[in-house]
Amino acid sequence: MIYKVSLPFVFLYLLGFSHFARAQDLYEVSSIQEIRIYFAEDNWDEILDELYTKGERERLLGNVTINGTEYKDVGIRYKGYSSASTDRVKNPFNIDLEYTYEDQNHQGFDKLKLSNVIHDPSFIREVLSYDIAQKYMPASMANFANVYVNDELIGLYTNVESVDKNFLRKHFGSKHNAFIKCNPERVNLNGENSNLANAHGTNPFSYEAYYTLKSNDSSHWNNLYHLIDTLNNYPEYLDSVLNIDQTLWMHALNYTLINFDSYIGYAQNYYLYQADDGRFQPILWDMNQSFASYRLTDASNYWQGFSVSEAPKLDPLTHYESVSVLPRPLLRNIFENSTYRKMFLAHIRTIVEDIFSSDYYKSRATYFQSLIDNDVSKDPNKFYGYNLFAQNIDTTVNFLIDYPGIFSLMDARVEYLLDYKGVLGAPTINNVFAKTSDHSAGSELVITAEILNTKNVKLAYRIGQSGAFKYIDMYDDGNNDDNEASDNLYGIEIQNVGNYIDYYVLAENDSAGAFMPRRAANEFYTHHTIAMPGDIVINELMAKN
């Protein structure tokens, strides 16, 4: 039998199917999710309030439907520190799909983290921040979701990918190593919180009130203490236990985006995972108060907090050049190394040029607000009026406190950072090139780069496709396949190259540093040698993810 279908019908059907398919991707940033929670108890809110007030980690059973797909007997609780309250209708949710049935998940995700957008009239700070962060380091995906309880719309939430075993496996290839959430049981505005200082002694278990062990092996407290001990007492060996470059990216993102509800503020809201190479990897978390929505102390120059007018000129090297009232060893002890300081400022330069000078963030922010405009207007429990939502993308608005306009804030921030010593005056790296005379594995590989305004050049490389990068010097002396001495062409030869070698270049002068690729080590060059006659050598830029 032959069926005839008109072209307009086919077009509309395919268009609808395409939209439906996109909408089913739980973290597709261009679609708004629909999450419906069903409780048997009429007093479900009172039960969740009581669990939250008591600090219980227990959950209330319910059914959840995600974009039309139902999941039975999931565990649900409220989450957050200041964002949840017994007086609120719109509280943030933590949903565990695996609570009753092992391996129950939605598209491979078994946890839902739904934030209620309480500290953000613009509604977009969290989603925009994660959209930016993903370009530079492993970071959660995030989008928006309309949340219903027993078919009553509670409101529009941000839907942020949980940092859990699935996240670890995706980004680090393992999930069973030491895994730490760096949040104290209670944030102390006059305390050290999760700052990785060694103030609590040499017993690893004395740090339990300040960190949460997310892995199942209690011996992992020893791993955390070894990191703390090395950071505070033996920082010259820190690169063996910490991914320093990823730490610098985290600091650079927090300082550029003025995200002070983080390590640079009260030393909280981040994770640490010890990858298979033995190094802890820092992971950003809870970016809902970025763009100076949160302006309390950075434990240094602004002990009483900073104002909206002061925010654009916050010094990214405060904890090196000024006093830390409370210790910040993950900043100060790393910044004691001049190369690390230059790497940090190079990362800030890259973020500013990629995202802010180019106005990328403005196009993304405008897109996100346009996407959710209708849903914000329909949100019955939003914390700010629709007019503040529309204004806050560019204009400072007031609701108990001032919330900076994102565009006006960041225009001033960019002007300040681009004129900052160490962001200015960087080396210029051109024409990174790899060549080998023998296309087989085990041969020598020569890498050269043309670099201006530099004093020291290093090649970072690793053989294979995982693990830490090693640094070796590159030379402009005429003896390292670099043509003539002092011709600004730097070279180095690497012996016994395997099938894959990943690499990038770091150059520095007295005040500044530069990378090529600029987003190293989240991006790098890969030279692929297949050990068969006649094969082609591939040299290409690769993203880490």
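Look up: the structure comes first, before these words.
Residues numbered from 1 in each chain as written. Predicted model: local features only at pLDDT ≥ 70, side-chain atom pairs only at ≥ 80, totals over all residues. Heavy atoms only, no water.

**Section: the overall build of the protein**
A tally of helices and strands in the protein yields 12 helices and 22 strands. By the compact-globule yardstick of 24 Å for 545 residues, the protein fits well, its C-alpha radius of gyration being 25 Å. The C-alpha extent of the protein, read off along each of the three principal axes, is 80 × 75 × 50 Å. A buried classification covers 54% of the 545 residues belonging to the protein. Considering only contacts within the protein whose residues lie at least 6 apart along the sequence, 66% involve residues at least 24 apart. Carbon and sulfur atoms make up 49% of the accessible area of the protein, which amounts to about 23,300 Å² in all. Taking the 44 positively charged and 71 negatively charged side chains of the protein as two groups, their mean positions are separated by 3 Å. (Helix = DSSP H or I, 4+ residues; strand = E, 2+ residues; numbered from the N terminus. Rg over C-alpha atoms; globule rule 2.2 N^0.38 Å. Buried < 20%, exposed > 50% of the residue type's maximum accessible area, 1.4 Å probe, protein only. Contact = heavy atoms within 4.5 Å. Areas by Shrake-Rupley, 256 points an atom, 1.4 Å probe, with all protein chains shown as cover. Lys, Arg positive; Asp, Glu negative; His and termini not counted. Charge placed at Lys NZ, Arg CZ, Asp CG, Glu CD.)

**Some thoughts on the nonpolar core**
Ranked by size, the top nonpolar core spans 105 residues in total, and within it Leu196, Tyr211, Leu272, Phe291, Ile334, Phe344 and Phe356 carry the most contacts. Counting residues per element, this core draws most heavily on helix H9 (residues 338–357), which supplies 10 residues. Excluding residues within four positions of it along the chain, Leu196 makes contact with Tyr211, Leu224, Ile228, Leu231, Asn232, Tyr270, Leu272, Pro329 and Leu330. Counting 25 residues, the second-largest nonpolar core is a separate cluster that includes Leu26, Ile66, Val74 and Phe109. (Core = buried A, V, L, I, M, F, W, Y, C linked by side-chain atoms within 4.5 Å.)

**Observations regarding the side chain of Ser324**
With respect to the element layout, Ser324 can be found in the loop between helix H7 (318–321) and helix H8 (329–335). Residue Ser324 is classed as buried on the basis of its relative accessible area of 17%. A distance of 3.1 Å separates polar atoms of two side chains, one belonging to Ser324 and the other to Arg332. (Polar contact = N/O pair within 3.5 Å; in protein donor to acceptor, adjacent residues only side chain to side chain.)

**Considering H9**
With 20 residues, H9 ought to run about 28 Å at 1.5 Å a step, and its terminal C-alpha atoms sit 26 Å apart, in line with that. Counting buried positions along H9 gives 17 out of 20 residues, so the element sits mostly inside the fold. Between the side-chain oxygen of the N-cap and the backbone nitrogen of Thr339 there are 2.9 Å, and the N-cap of H9 in question is Asn337. Positive phi appears at Asp359, one or two residues downstream of H9, with a value of about 65 degrees. (Expected span 1.5 Å × (residues − 1).)

**Here we look at the sheet that holds strand E18 (residues 489–494)**
Spatially, three strands are ordered E14-E15-E18 in an open sheet, and the strand pairing comes out antiparallel. The sheet is open, and its two edges are formed by strand E14 (428–435) and E18, each paired on a single side. Across the sheet, the axes of successive neighbouring strands diverge by a mean angle of 15 degrees, strand direction being ignored. Here strand E15 (residues 445–452) pairs with E18 via six bridges, running antiparallel. The residue bridging Val446 from the neighbouring strand is Glu493, located in E18. (Pairing = 2+ DSSP bridges. Axes fitted to C-alpha atoms, helices over the stretch in contact; angles between N-to-C directions.)

**Some details on the sheet that holds strand E11 (residues 280–284)**
With antiparallel pairing, the four strands of this open sheet are ordered in space as E9-E8-E10-E11. Looking at the sheet topology across the chains shown, the edges are occupied by strand E9 (212–213) and E11. Across four bridges, the pairing between strand E8 (residues 179–182) and strand E10 (residues 270–274) is antiparallel. Note that in E10 the partner of Cys182 across the bridge is Tyr270. Sitting on the sheet, helix H4 (residues 165–172) is in contact with E8, E10 and E11, with an inclination near 120 degrees to E11. This element, helix H6 (residues 244–256), spans E10 and E11 of the sheet and lies at about 20 degrees to E11.

**Brief notes about unusual backbone geometry**
The omega angle of the peptide bond from Met516 to Pro517 is 0 degrees, so this bond is cis rather than trans. As for its placement among the helices and strands, Pro517 is situated in the loop between strand E20 (513–516) and strand E21 (523–528). Between Ala520 and the following residue, Ala521, the backbone shows a cis peptide bond with an omega angle of 0 degrees. With respect to the helices and strands, Ala521 occurs in the loop between E20 and E21. One non-glycine residue, Asn431, lies in positive phi territory at about 50 degrees. Its place among the elements puts Asn431 in strand E14. The exposed category is assigned to Asn431, whose relative accessible area is 55%. The backbone of Asp481 shows a phi angle near 55 degrees, a positive value even though the residue is not glycine. Counting through the fold element by element, Asp481 comes out in the loop between strand E17 (470–473) and E18.

**Considerations on the environment of Asn480**
Position of Asn480 among the secondary structure elements: in the loop between E17 and E18. A sequence separation of 33 residues divides Asn480 from Ile447, and the C-alpha atoms of the two residues are 9.3 Å apart. Filtering out sequence-adjacent residues up to four positions away, Asn480 remains in contact with Tyr475, Gly491 and Ile492. Within the local environment of Asn480, its side chain forms a polar contact with the side chain of Asp477, the two groups lying 3.0 Å apart.

**Looking at the pairing of strand E4 (residues 93–96)**
Burial along E4 is two-sided: the face carrying Phe93 and Ile95 and the face carrying Asn94 and Asp96 are both buried. Pairing analysis gives four bridges linking strand E3 (residues 69–78) to E4, with the strands arranged antiparallel. Along E4, the bridge assignment pairs Ile76 with Ile95. When E4 meets strand E5 (residues 111–115), the two strands line up antiparallel, connected through four bridges. Looking at the pairing, Asp96 lines up with Lys111 of E5.

**As for the packing of aromatic side chains**
Any two aromatic rings considered together are summarised by their centre-to-centre distance and by the angle between their planes. This model, assessed by the stated rule, comprises 32 aromatic pairs. Taking the centre distance of 6.0 Å and the plane angle of 40 degrees together, the rings of Phe93 and Tyr157 count as tilted. With a gap of 64 residues between them, Phe93 in strand E4 and Tyr157 in strand E7 (residues 152–160) connect regions that are remote in the sequence. The exposure class assigned to Phe93 is buried, which follows from its relative accessible area of 1%. The structure contains a cluster of three or more aromatic residues connected by ring pairs, namely Tyr255, Phe260, Tyr302, Phe306, Phe335 and Phe344. Sitting over the ring of Tyr263, Arg328 keeps its end group 5.9 Å from the ring centre. Stacked on the ring of Phe407, the Lys or Arg Lys362 has its end atom at 5.5 Å from the ring centre. (Phe/Tyr/Trp six-rings, centres within 6.5 Å; stacked < 30°, edge-to-face > 60°. Lys NZ or Arg CZ within 6 Å of the ring centre and 35° of its normal.)

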